[in-house]
Amino acid sequence: MTAATSAPAGKKPDDRPEDLPLATGDPFDRDVLPTPPGATGALLRSLLAPMKARVTVTTLLLLLQQAVVQAGPLLVAYAIDRAVPAFRAQDHGPLIAVGAGYLACALAAGGLQFAFVGAAARVSQDVLLDLRGRIFRHAQALSVDFHERYTSGRIISRSTADVESLRELLDEGLQELVTVILSFVYISAMLLWLDLGLGGVAVASLVPLYALVRWYQRRAGRVYRARSTAIAAVIVKFVETMNGIRPVRAFRREAANDADFGELNRRHERTNGDALLEMARYVTGSRLVANTAVAAIVLWGASRVADGTLALGVLAAAVLYLRRLYDPIDRLGMFLNSYQSAAASLEKIAGLLAQTPSVPEPAAPRQLPPLESEHPGREVVFDGVRFAYRTGGEVLPTFDLTIPAGQTVAVVGSTGAGKSTLAKLLARFYDPSPGSRPRSGKGGPCPGRVLLDGVDLRDLAVPELRRGVVMVTQEAFLFSGTVADNIAIGRPDATREEIEQAAKEIGAHDFISALPDGYDTDVRKRGGRISAGQRQLVSFARALLADPAVLILDEATSSLDIPGERAVQRAMTTVLKGRTAVVIAHRLSTVEVADRVLVMEHGRIVEDGEPAELIEGTGRFADLHRAWRDSLA
Ligand SMILES: Nc1ncnc2c1ncn2[C@@H]1O[C@H](COP(=O)(O)OP(=O)(O)OP(=O)(O)O)[C@@H](O)[C@H]1O
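The rules we used
Residues numbered from 1 in each chain as written. Predicted model: local features only at pLDDT ≥ 70, side-chain atom pairs only at ≥ 80, totals over all residues. Helix = DSSP H or I, 4+ residues; strand = E, 2+ residues; numbered from the N terminus. Buried ≥ 20, exposed ≤ 12 C-beta atoms within 10 Å, placed from the backbone. Contact = placed C-beta atoms within 7 Å. UniProt positions renumbered as here; feature names shortened; annotations may be inferred. Near = placed C-beta within 6 Å. Nonpolar A, V, L, I, M, F, W, Y, C, P; charged D, E, K, R; others polar. Domains from an automatic or database assignment. Axes fitted to C-alpha atoms, helices over the stretch in contact; angles between N-to-C directions. Parallel < 35°, antiparallel > 145°, perpendicular 65-115°, else oblique. Left-handed = near helix turned anticlockwise from the far one by under 90°.

### Considerations on the overall build of the chain
Argument step 1. Regarding its fold elements, the chain presents 20 helices and 12 strands.
Argument step 2. If you line up the chain on its principal axes, its C-alpha atoms span 120 × 60 × 60 Å.
Argument step 3. Put simply, the chain has 633 residues, and 35% of those count as buried.
Argument step 4. By sequence separation, contacts in the chain at least 24 residues apart represent 77% of the contacts at least 6 residues apart.

In structure tokens form, the structure reads like this:
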């Protein structure tokens, strides 16, 4: 990723582009994926819908609390105009009643506030719990091509920084908004009731304040979207660097990364500064309007008290109410901040949740025919398959291949020939691209098909597909947990005996037993670190336990030492036995376990035959094999 550039000299901060300068026209290069109209609102409604009753109770608590809080100045007016004169006349009752009333209001307001905060926090926690779960489930369900384009850092940013800004809105912002609106309504009503003239001036001052709020909202929207993109860029850079810490060290990328990160960090800081500046402008403007209105009311009110047309208590109550009317305006700015931040975040989350898997589940799934015991494995057919990644040119131009049930096929070829693509199509990480072969009969292009025992992979439900085809990828990835847990991923209901049996057959039992806690060793903890070859053995044991009809093995490119290679070779023979197998062979020694070799170049099969037959011949594989043998000598 390139570093962000600063705004060109002379440009205003809000002219700054909102997306990182990555864009190539591909929406995946942007932080905000295309969001269908109305999707953000629909997401918010769907999050709140299950808790309608609780939202209503929470709002009622707040309404009550505000009613109680706003009674204070009225009691003060009563105290000045009625209770104090009565007290002077030896009638202590009204003043005691005012004192008791004030205390009761304070206690009730406190209690209601406590109940409200608890209820609001529960609503917000449940919304966030639901949202985080949705992001995780959805991201996990999206197809591989999505993850190849939308970095994991951005998904992390969605489920951390973006969910966090929504939390701020729900925990603090919404309370602010409701409090502000209620205060406006209550206080305007009280002021108008106390004195129509003073109330009228106060209510009229809300007009310029409203205009100011709208102005701020427009400007802050832009700034907050830029800030949220800048936060995401910082997280993405962080995750990318930590994920690639080995190459970072190996290629001494620290200084360059520091510079890139520093630029992104500064961009984040600048967008924060822009946000604060907008806030400062807003607060200054709102205070100016508010203080002018207070000054006008105090002057006018005082002159009316002097000429006896206004009671002193009413003026005191009006001034107290005025403070309460204008104070929330600053808080409204805070709310708009959280609102803008949360709206930008929710838009990004909605964009992610609006993505649909490019490899969809079938509407009417089909079953695979029962396995034949004399021919274990299933027949695999690539029928007129054409394939191009979304970005880049055609990788497989009309590809046909039949692999009979039970056959082990080694696929070799130069780098970039399309071997892994073939494997990924068979595992249905991708579907074939729209085809070029004319459909027999009706005409029109017919998409190619990948068939398993005659059934199109697109017609198989995911569990059926995963029972039918398993792919062991190059990385031999281990999840956090014990060695036994990692093997059991192949079949989660497997017993400990079955797990150990699989490890024994693969030849992994001895090294696993030698680990500090044997099968219970945590692979991510000290002492649980296992070598590349051992990781492959664990992933073979996992595949053996899964026992699929078709196994795809994308062999690791890294070379092992001789005993390691032998152990992997033996394990491979075991795991491939009794099923159809496609091995993407990076080591020619692997070809020894195959019944058939395919040589691929530029997405086409250029040689196809038994290993011995091809080695004897004069083709590309014979050359490759000779060169490999010479290198061993
Ligand atoms: N996710 C992707 N997006 C776009 N292009 C891709 C993607 N994966 C692979 N390609 C391109 O498709 C072509 C075939 O790649 P593939 O990984 O299938 O080759 P391969 O024969 O397995 O190579 P290797 O032996 O180096 O792993 C290459 O040109 C590669 O750049």
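Resuming the write-up.
### Brief notes about the UniProt feature "domain: ABC transmembrane type-1" (unreviewed entry) in the chain
Argument step 1. The feature "domain: ABC transmembrane type-1" (unreviewed entry), as annotated in UniProt, sits at residues 57-341 in this numbering.
Argument step 2. The span residues 57-341 carries 93% helix and 0% strand; its end-to-end C-alpha distance comes to 26 Å.

### Looking at the UniProt feature "transmembrane region" (unreviewed entry) in the chain
Argument step 1. Following the UniProt record, the feature "transmembrane region" (unreviewed entry) maps to residues 100-124, 200-217 and 308-326 here.
Argument step 2. For residues 100-124, the helix share is 100%, the strand share is 0%, and the end-to-end C-alpha distance is 36 Å.
Argument step 3. Helix and strand shares over residues 200-217 are 94% and 0% respectively, and the end C-alpha atoms of the span are 26 Å apart.

### Focus on the site of the ligand
Argument step 1. Taken together, the neighbourhood of the ligand is formed by 13 residues, with Tyr389, Thr415, Lys419, Ser420 and Thr421 sitting nearest.
Argument step 2. Sorting elements by how many residues they give to the shell around the ligand places helix 12 (residues 419-426) first, with three residues.
Argument step 3. Among the residues forming the shell around the ligand, the class breakdown is three nonpolar, eight polar and two charged.

### A closer look at unusual backbone geometry
Argument step 1. Of note in this structure, Arg428 is not a glycine but carries a positive phi near 55 degrees.
Argument step 2. The topology assignment puts Arg428 in the loop between helix 12 and strand 4 (437-438).
Argument step 3. For Arg428, a count of 21 C-beta atoms within 10 Å translates into the label buried.
Argument step 4. For His602, which is not a glycine, the phi torsion comes out positive at approximately 45 degrees.

### Topic: the environment of Leu44
Argument step 1. Within the secondary structure, Leu44 sits in helix 1 (residues 39-48).
Argument step 2. Separated by 302 residues in the primary sequence, Leu44 and Leu346 place their C-alpha atoms 8.1 Å from one another.

### Quick word on the domain arrangement of the chain
Argument step 1. Partitioning the chain into domains gives domain 1 (43-353) and domain 2 (380-632).
Argument step 2. The C-alpha centroid of domain 2 is placed 56 Å from the C-alpha centroid of domain 1.

### Details of the packing of helix 8 (residues 206-243) against helix 10 (residues 254-306)
Two quantities define a packed helix pair, namely the angle between the helix axes and the distance between the axes.
Argument step 1. Look at helix 8 against helix 10: their axes get within 9 Å of each other, and the N-to-C directions meet at 165 degrees. The angle between helix 8 and helix 10 falls in the class roughly antiparallel. Judged by the twist between their axes, the crossing of helix 8 over helix 10 is left-handed.
Argument step 2. Within the contact of helix 8 with helix 10, the residues separate by chemical class into 17 nonpolar, eight polar and seven charged.

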